[in-house]
Structures are given as C-alpha cells and as structure tokens.
Amino acid sequence: MPNNLLASDCLIVIFGASGDLTKRKLIPALYHLWDTGMAPKNFAVLGIARSKFSDDEFRDAMYEFSKKSYVDESKWREFAKKVHYHAADSTKADDWAGIQARVGSLAEDHGTGRNLLFYLSMAPQFFEPIIQQIGASDLVTEGRMFCSLTDDKPWQRIVIEKPFGADPESAVHLNNVVAGVFDEASTYRIDHYLGKELVQNLMVLRFANSMFEPLWNRQYIDHVQVTASETVGVEGRGSYYDSPNGGAMRDMVQSHLLQVLSVVAMEPPVSMQAEDIRTEKIKVFKALRVPKEEDVPNIAVRGQYGAGSIEGETLEGFRENDGVAPESQTDTYTAMQFNIDTWRWGGVPFYLRSGKAMAKKLTEIVIYFKPTPHCLFREEAKKYKANQIVIGIQPDAGVRIRFEGKVPGLGMKIKDVLMDFNYVEQWKVEPPDGYATLLHDTMRGDQTLFKHRDEIENAWEAVQPVLDYWKENPQDDLPNYNAGTWGPSAADIMMARDGRYWHNP
Ligand code: BG6
C-alpha cells in the first residue's frame, strides 16, 4: 500500500468503451469518486471503441443509463465535461496516430500530465493486439523502468478485466504479452470480488481480532464453503457463455471464488503493504492441490439449468438461449472441492460452488467448525448443528455466528442460535460498489486488491484437470437442474459422500 491515500491526476483511457461495463460500472464508479471528492483534482476519461459517437452522444448514452439510479442532473453536466470519446479500432496500427493525438490534447486540456490509466474492457481476444499497440506507441514512457510508488514520476498503468486466459497456457502467454510493455507493479488485473466490502472486511475480521485466528486452522475447522449463486440466467450473453471462455468454472470459480478462498486461507501478512498481502495470497494459490484425473468425478460437479421458475417468473433453459448450442455441455453451475496442501489446512476441504438460474442471489462464505471433542449433552447430541461463521458478502452483508444455546425452561433442550452483525444496520449505508474502490486504488497505485500473475496462473492449474475431464467426458444428463433450484443433485451427493451438506439459506 503506498503511503499516499490520494489518487493522482491522470487520464483514464477505456478500450471497449461502448460495452456494458463502461456504462454499468466504470462511469458510475468514477462519478461516485468525483462526487465524493475522492477523484484526483485533474482527471479525464477517454472512451475508445469502433462505434461512431461524438463526445456529446457518448455522454448522453452514459447519462441515459445513469439517470435511472444515481446522478443529479446538474452535477452530471459538470462531471460529463471530463468524459470524452474517440472512435477508433485500437487493435489496428493505422488508428493509433489519432488515438495518440487525442490522448495528448486531452492531457493538455485537463492538466493530467503524463499519467495514463489504460483500462481494457472488451472481449479477451482483443487484449493482446491492444497491449501490443500500446507498447508500440510512445505513450508508455516508463515501461519496465517503473518501480517506485512514492516518487512523483509520471506513471502509466494497465487495468485488465477478466477473463484472464482460458487455460494455463493462454494465461501465461497473456501475462508475457503484458510484461513486454508493463512491469508487474504497473499491471492491475482486476477482480471486482476483491473490491467487495465484506471480502475486505474478512481481512479485518481475521487480523484485527484475537478471537478468530486461533481457531482458523485444521484443528478446529471442519470445512469451508463458498457459494456465489445467481438467479439470473445468461441473459443475452449466450454466445459468450457457451464459448471456450465461458461456463461457471471459468467465469466465477477460477476467478472470483478462488480469490475469496485465498483471503480466507492466507497466512497473516507481515504488514498491510500490497506486496506482503500478495505474497501470502500467492502461497495459497501455489498450495492448491492440482487434482488427478481419476479424482475429478468425486470432487467436481458440472450442472446446466433447464427451464424453471424463479421468484414467480418462468425462465427458459440454457440451451434455448441464442448463441447456445442445442447439445451444449457448458457448465452453468460448478461445484468443486479444493484442498490446500499446507500445515494450516491439511485435511480441510474448501467447497466452492457457483451457478446461474438458482434459487437465490447470494454470495457467502461459511466456516464449519468441528464437533466438540466430547459430548456432555448426550441425549441431545444428534441434534447439534456444527458451529458456523457465516460471512455474508451479498445481499445480506454481515457476519453471523451460529452456536448452540439452551432453550428456556426446565430440562436441557439445546438449539442453535445466531449472533448477527448486519452491515447495513450497523453502518447505516449499503456496501459501496467494488469498482469505485478498485478504480481509486489504481489511481493511487495500490495493488493490494489486484491479482498477481502467479495467482492467476496457479488458479488455472488447479481447475484445468476438471475442465479437461469434462471436455473428454460429455454428460448425457444435461440439463440436470431446473432453474430456480439449488443446483444438481450430484452436488448434494458429492457433499453427502463426505458426510456434509450445503448451506442453502
Ligand atoms: C462477472 C461474471 O464477473 O460476475 C458474471 O462474468 C456474473 O457472469 C458476475 O454475473 C457476478 O457479479 P456479482 O457482483 O453480481 O456477484
């Protein structure tokens, strides 16, 4: 973490600016930072995409989306003066003279100096050619020379969205392409789950308290579950989702959920400096067991949703979506058991699952504790529930501790009770959107919440045997869960085999 909380002046260049992410997440996040005084004094945004828009048309398109929720019109007019657009094909060398001229004139007009934040927000096949074009331009003055976070030399940084590769080889290749232009300290591989308030709170829970950490190991913890369930289907993203980059394993588990796992499992860092935190996270990724082919059927479940009903609305099956093959084998649901081969976590399984079209929108971590070593309340023993710490990330943000208590009255009846820290009740605000936090961090040079190349490469290694197995062994039972349910029964069977069950609130 740099010693500076202030974001530095910069021009933010968004490639793929006509896409959904810009209007849904990036512009709202920048507006929020500007509105709350957290944006740098001098900054501007240059959106680049192939569609032809003028600055005003682009601003209007952003406003149309934003006005539904969060902006005040007069403030927006003020903010919008910082937002610009340039139509170009940034994968083509011919268009770069124009891009560079526009970057130069905006930097001059807005007084942003030579600090540039490149943001890649488009389909992954364009990452490599654009990075190469950035490298060929003379915009990156520091490149691999850049290393200091404390001096005031101009900087150029790159933010790269997921998917970061589609398998171990393509991830290494992309990392090498990036490293040819930007050093690791200037590379921000973004994962919006790390920007979620309750994921950050997890570090505070673990490392600012003395009561949890002594229990946080194989001696007391039986297993850990991380769930990210969504009620939506693939919603117009059928062709992407059914492509080699798609599916729940790649879209959610390899990326977001393994990041969450790493924060649950990391050792206490020696300081809160980004480098120290990332060092500990990398160790977790390196210790992830790479499954053997013969283990896959026991530790991983692929699901795909068929038609069903969610919250009273009918949803068509995955295969009925445009762009999805009628015999598609894509996982819209994945459950996988991970093992972390370290002293702390030996023998403690981490079960991760994520699915579309499920019963509830929910992201949570559940820590299940082992039973007491001796049972004093024998007649009640069968009814004991495992002690749990439930960390609700969304929508019920908070931390809940479940333990056994005595039911009032004569005799000794025992029932589980809940101690509940509810984020919204406590702080009287909704948790902020992760993108504002993460964008702010990029502008102040804090990589704590961004992924190091080693994390990504090791995460791919851990899931690839499952993806290979699935490719070689098509399932004839797909679709195997109805929209609006908690996923395929095979996932319950996987848990039951280990004497466990999913936490389905
Ligand atoms: C994205 C995935 O990264 O995360 C989407 O590509 C998914 O498929 C989304 O819907 C979920 O994010 P959140 O913040 O709503 O849990």
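These figures come from a predicted structure and were not determined experimentally.

Taken together, 6 strands build an open sheet; the order of strands is β3-β2-β1-β4-β5-β6 and the sheet is parallel. Where the open sheet ends on each side, the last strands, each with one partner, are β3 (83–87) and β6 (187–189). Ignoring strand direction, the axes of neighbouring strands in this sheet form an average angle of 20°. Strands β1 (10–15), β2 (43–49), β3 and β4 (116–120) of the sheet are contacted by helix α4 (residues 96–110), whose axis makes an angle of about 165° with β3. Across the sheet, helix α13 (residues 434–444) lies against β1, β4, β5 (156–160) and β6, angled at about 140° from β4, the strand it touches most.

Another point: the pattern of salt bridges. Counted according to the given criterion, the structure contains 30 salt bridges. Where Asp 20 meets Lys 23, a salt bridge forms, and the shortest distance between an N and an O atom there is 3.4 Å. One end of the pair, Asp 20, and the other, Lys 23, are both in helix α1 (residues 20–35), 3 residues apart, so they sit about a helical turn from each other. With a shortest N-O distance of 3.7 Å, Lys 385 and Asp 416 are connected by a salt bridge. With a gap of 31 residues between them, Lys 385 in the loop between β14 (362–369) and β15 (388–394) and Asp 416 in strand β17 (residues 414–422) connect regions that are remote in the sequence. Look at Lys 385 and you get partly exposed, because its relative accessible area is 39%. According to the relative accessible area criterion, Asp 416 is buried, its value standing at 14%. What you see here is one network of salt bridges that share partners, running through Asp 55, Asp 56, Arg 59 and Arg 102.

Before going further, it helps to spend a moment on the confidence of the model for the protein chain. Put simply, the protein chain has an average pLDDT of 94, and 96% of its residues get 70 or more. Within the model, pLDDT remains below 50 along residues 143–150, and this stretch shows 15 contacts once partners closer than five positions in the same chain are excluded.

Note on placement: Val 390 falls in strand β15. When its relative accessible area of 5% is taken as the criterion, Val 390 is described as buried. Sequence separation between Val 390 and Pro 505 is 115 residues; the distance between their C-alpha atoms is 11 Å. Val 390 has contacts with Glu 364, Ile 365, Val 366, Gly 398, Val 399, Arg 400 and His 503, leaving out every residue within four places of it along the chain.

A few words now on the site of the ligand. Around the ligand, the neighbouring residues are Lys 162, His 192, Tyr 193, Lys 196, Glu 230, Arg 237, Asp 251, Met 252, His 256, Lys 356, Lys 361 and Gln 394. Arg 237 places a side-chain nitrogen or oxygen 2.9 Å from an oxygen atom of the ligand. In the complex, 78% of the free accessible area of the ligand, which totals 400 Å², lies under the protein chains. Per element, the largest residue contribution to the shell around the ligand is 3 residues, and it comes from helix α9 (residues 248–265). Classifying every residue of the shell around the ligand by side-chain character gives 2 nonpolar, 3 polar and 7 charged.

Turning our eyes to something else, we now look at the nonpolar core. Ranked by internal contacts, the top residues of the largest apolar core, which has 124 residues, are Phe 15, Phe 118, Trp 216, Phe 338, Phe 350 and Ile 365. Take this core: its biggest share by element is 10 residues, from α9. Counting 21 residues, the second largest nonpolar core, distinct from the first, contains Val 301, Tyr 305, Phe 318 and Ala 335.

Right, let's talk about α4 for a bit. With 15 residues, α4 ought to run about 21 Å at 1.5 Å a step, and its terminal C-alpha atoms sit 21 Å apart, in line with that. Taken together, the buried positions of α4 are occupied by Trp 96, Ile 99, Val 103, Leu 106, Ala 107 and His 110. Buried residues of α4, seen end-on, are gathered within an arc of 100° and therefore sit on one face of the element. Of the residues in α4, the exposed ones pointing more than 90 degrees away from the buried face are Ala 97, Glu 108 and Asp 109. On the buried face of α4, the contacting elements are β1, β2, β3, β4 and α5 (127–136). Gly 111 occupies a position one or two residues after α4 and carries a positive phi of about 60°.

The rules we used
Residues numbered from 1 in each chain as written. Predicted model: local features only at pLDDT ≥ 70, side-chain atom pairs only at ≥ 80, totals over all residues. Heavy atoms only, no water. Pairing = 2+ DSSP bridges. Helix = DSSP H or I, 4+ residues; strand = E, 2+ residues; numbered from the N terminus. Axes fitted to C-alpha atoms, helices over the stretch in contact; angles between N-to-C directions. Contact = heavy atoms within 4.5 Å. Salt bridge = Lys/Arg side-chain N within 4 Å of Asp/Glu carboxyl O. Buried < 20%, exposed > 50% of the residue type's maximum accessible area, 1.4 Å probe, protein only. pLDDT = per-residue confidence, 0-100. Near = heavy atom within 4 Å. Polar contact = N/O pair within 3.5 Å; in protein donor to acceptor, adjacent residues only side chain to side chain. Areas by Shrake-Rupley, 256 points an atom, 1.4 Å probe, with all protein chains shown as cover. Nonpolar A, V, L, I, M, F, W, Y, C, P; charged D, E, K, R; others polar. Core = buried A, V, L, I, M, F, W, Y, C linked by side-chain atoms within 4.5 Å. Expected span 1.5 Å × (residues − 1). Arc of directions from axis to C-beta.

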